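# Chains, contacts and geometry: an overview
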Amino acid sequence: MIREAVLEDVPALCGIEDRCFETDRLSARSFRRFIARSRAELLVDEADDRRLRGYSLVLFHGGTSLARLYSFAIDPDFQGRGLARALLTVSEETARDGGAVAMRLEVRRDNADAIRLYEKSGYRFFTVAHHYYDDGMDALRMEKVLVPHLPIGFGRVPYYGQTLDFTCGPAALMMAMKGLRPALALDRVMETRIWRESTTIFMTSGPGGCGPLGLALAAKRRGFEVSVHVSDPIGIFTDSVRNADKRDVIRLVQEDFLDTLTTLGAPLSREWPGVETIAAEMATGAVPVVLISSYSLMGDKAPHWVTVSDIAGAFIYLHDPYVEFDEGRTVTDCFGIPVARAAFDRMSRYGRNKHFAVLFLREP
């Protein structure tokens, strides 16, 4: 019987971990947390004598159509009986029932049996995570499309993860720039330099965030054509700033950005472009960088920059630059995230005033 795990299963789950893995084991605390977590499904395979024979842990990426097979194990005493294939099939059905159109996973490069299982089950390799495990072993990242004929396209936009908490804008812009210029080298120097050029100076707390006008100017300085769609060119980031002096400084910076962009002849619109316009712009060679509400992806309501890597059928694919390994959020969770069009339309507005911002980058 395959069923959802309960807290009473935790000791047996830890026993499976100890017998299956030498490193990177899930702790009892982790198992209890995943059992209680709303965006996780922990499944167990239970024998007739109520002994647990294996488990599968599926995580859902909030607000998107992507699931992740976070951990998967069959007790050595029960291996070779087809249990892994059956448990994997139920895990995929669980992910699909939860709204996922694709499932991703990481597997040790030296785990030939697991790789063979995943390949026979329809998973395909798409990248390597070097030195991923505690002992230094690489991980192969694999994906399976769970909905028939859904064209997952990773497109021409490479992935770059932000290295600082406040540089999502520069990282998203860098991905778009490299999508247009594949030879462009991305590094932390460029990341921090673009942040310095684009920052609004203040946000709610900590270092300032990057607004659409500042990012547009950074792209223009590097020889790209850029057009801007923004709900409020001057006041987009002032709603969350309570201090009047800080608000005045933000407005001063934004007005300077706007004057410079106007002088450079960069097109600016206050109309939300919509998914159809974004798709049309991409079809003619543009790469969009979009400001979203991070609530759908990470559970908080801060504005956050992402890059649109592809649009296919009913889904928009996003590169989210924010990687947080301490929270179990790896590149696998952030690369080419499928989002339904309606969900994308909702997440592309943030705050009480439903602010939006979209940049379209092109080569001249």
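This write-up is about the structure you can find in this document.

Calculation rules
Residues numbered from 1 in each chain as written. Predicted model: local features only at pLDDT ≥ 70, side-chain atom pairs only at ≥ 80, totals over all residues. Heavy atoms only, no water. Helix = DSSP H or I, 4+ residues; strand = E, 2+ residues; numbered from the N terminus. Rg over C-alpha atoms; globule rule 2.2 N^0.38 Å. Buried < 20%, exposed > 50% of the residue type's maximum accessible area, 1.4 Å probe, protein only. Contact = heavy atoms within 4.5 Å. Areas by Shrake-Rupley, 256 points an atom, 1.4 Å probe, with all protein chains shown as cover. Lys, Arg positive; Asp, Glu negative; His and termini not counted. Charge placed at Lys NZ, Arg CZ, Asp CG, Glu CD. Phe/Tyr/Trp six-rings, centres within 6.5 Å; stacked < 30°, edge-to-face > 60°. Pairing = 2+ DSSP bridges.

What follows is about the overall build of the chain. The helix and strand tally for the chain stands at 12 helices and 14 strands. Compactness check: the chain gives a C-alpha radius of gyration of 22 Å against a globular reference of 21 Å for 364 residues, within 12% of the reference. Along the first, second and third principal axes, the C-alpha set of the chain runs to 75 × 40 × 35 Å. When burial is assessed residue by residue, the chain has 54% of its 364 residues classed as buried. Partitioning the contacts of the chain with sequence separation of at least 6, the portion at a separation of at least 24 is 63%. By element, 50% of the accessible surface of the chain is carried by carbon and sulfur atoms, the whole surface being about 16400 Å². Of the charged side chains in the chain, 45 are positive and 49 negative, and the gap between their average positions amounts to 2 Å.

Attention shifts here to the packing of aromatic side chains. The relation between two aromatic rings is expressed through the spacing of the ring centres and the mutual angle of the planes. In total, this model carries nine aromatic pairs according to the counting rule given. With 6.4 Å between their ring centres and 65° between their planes, F72 and Y118 make a pair best called edge-to-face. Of this pair, F72 sits in strand 4 (residues 66-74) while Y118 is found in helix 4 (residues 112-120), placing the two residues 46 residues apart along the sequence. Take F72 and Y118: they sit in the same class, and that class is buried. Between Y118 and Y123 the ring centres are 5.7 Å apart and the planes differ by 65°, which places this aromatic pair in the edge-to-face class. Neither Y118 nor Y123 differs from the other in exposure class; each is buried.

Taken across its nine residues, strand 4 has eight buried, putting it largely inside the fold. As paired strands, strand 3 (residues 52-60) and strand 4 are joined by seven bridges and run antiparallel to one another. Note on strand 4: the bridge partner recorded for S56 is F72. Of the strand pairs in this sheet, strand 4 and strand 5 (residues 102-108) are connected by four bridges, and their pairing is parallel.

What follows deals with helix 7 (residues 212-221). Think of an α-helix as turning once every 3.6 residues; residues three or four places apart then point the same way. Taken across its 10 residues, helix 7 has nine buried, putting it largely inside the fold. Listing the buried residues of helix 7 in full gives P212, L213, G214, L215, A216, L217, A218, A219 and K220. Trailing helix 7 by a residue or two, G223 shows a phi angle of about 90°, which is positive.

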